[in-house]
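Now for the letters of each chain:
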Amino acid sequence: MVFISRGDNSGTHSKEKAIWTSAGYNYTTDVEGAGDWYVEGGQGMGATLTHANEKLAYTLSDSGTYLSYKTDLDLVPPLVDKGDSLLNVYSAMMINPEKYDYVNSDMAREWINFLITPETQEFIGGFGVDTYGQPLFFESRGNFDVMGITQAEAETPIPA
């Protein structure tokens, strides 16, 4: 069987390498370039899913891209779609304005504070449900412990 990798050092590719490592493999010596069974596409997630579909291969995908492409794919449903090793966290961090005074820290603060509002978190948690029957993303509100952060980091606005 063939495994199609993004092979592009994206977040998904980094997650894949971490999964190989947690399974006891050295990515560089045991997986990368190990034979015809492992193909690095060097492309985005949509192209990787399409490539896996054409080759009837396995791949690792984020659920949002998979859900948006699945009607065009003949792939079987995900074999594994739960577990801490599959957690793919997106984060927003504000650069220290004392260290980098040329950065628009007020805008960064406003953006982060907007992202953590209950209304925005509810929107994130519901995005895609009408179209795909499940959300494309999950909110940090109420999930901070799974993400490995504190409740304050997920929910407390940054003061001005």
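Our subject is the structure listed above.
This text gives an overview of the structure that appears in the document. Counting of residues starts from 1 at the beginning of each chain's written sequence and follows it residue by residue. For a predicted model such as this one, the threshold for reporting local features is a pLDDT of at least 70, and the threshold for listing and counting side-chain atom pairs is 80 or more; totals across whole chains, interfaces and linings nevertheless cover every residue. Processing note: side-chain calculations cover all non-hydrogen atoms of the structure and skip hydrogens and water entirely.

1. A look at helix H3 (residues 45–55)
Argument step 1. When accessible area is computed with a 1.4 Å probe and restricted to protein chains, residues below 20% of their type maximum are described as buried, those above 50% as exposed, and intermediate ones as partly exposed. Helix and strand definitions follow DSSP, with helices as H or I runs of at least four residues and strands as E runs of at least two, each counted in order from the N terminus. Taken as a whole, H3 has its buried residues at Met 45, Gly 46, Thr 48, Leu 49, Ala 52 and Asn 53. Seen from one end, H3 has its buried residues packed into an arc of 165°, which puts them on one side. Set apart from the buried face of H3 by more than 90 degrees, the exposed residues are Glu 54 and Lys 55.
Argument step 2. A contact between two residues is defined here by any heavy atoms of the two lying within 4.5 Å. At its buried positions, H3 is contacted by strand S1 (3–5), helix H1 (11–22), strand S3 (58–59) and helix H4 (63–69). Arc definition: it is the arc formed by the directions from the helix axis to the C-beta atoms.

2. Points about the side chain of Arg 6
Argument step 1. Checked against the element boundaries, Arg 6 lands in the loop between S1 and H1.
Argument step 2. Counted as a polar contact is a pair of N or O atoms within 3.5 Å, where, for protein atoms, one must be capable of donating a hydrogen and the other of accepting one, and residues adjacent in sequence contribute only when both atoms are in side chains. Engagement of the side chain of Arg 6 in a polar contact is seen with the side chain of Asp 8, the distance being 2.9 Å.
Argument step 3. Polar contacts involving the side chain of Arg 6 include one to the side chain of Ser 10, which spans 3.3 Å.
Argument step 4. When sequence neighbours within four positions are dropped, the list of residues in contact with Arg 6 reads Thr 12, His 13, Glu 16, Gly 41, Gly 42, Gln 43, Gly 44, Met 45 and Thr 48.

3. Let's talk about H1
Because an α-helix packs 3.6 residues into every turn, residues spaced three or four apart end up facing the same way.
Argument step 1. Helix span, as expected, comes to 1.5 Å for every residue beyond the first. In this model H1 runs 16 Å from its N-terminal to its C-terminal C-alpha over 12 residues, within 8% of the 16 Å that 1.5 Å per residue would give.
Argument step 2. Residues of H1 that are buried include every one of Thr 12, His 13, Glu 16 and Trp 20, and no others. One side of H1 holds all its buried residues, which, seen down the axis, span an arc of 100°.
Argument step 3. Looking at the packing, one finds that the buried side of H1 touches S1, helix H2 (27–31), strand S2 (38–40) and H3.
Argument step 4. Backbone geometry just downstream of H1 places Gly 24 in the positive-phi region, at approximately 95°.

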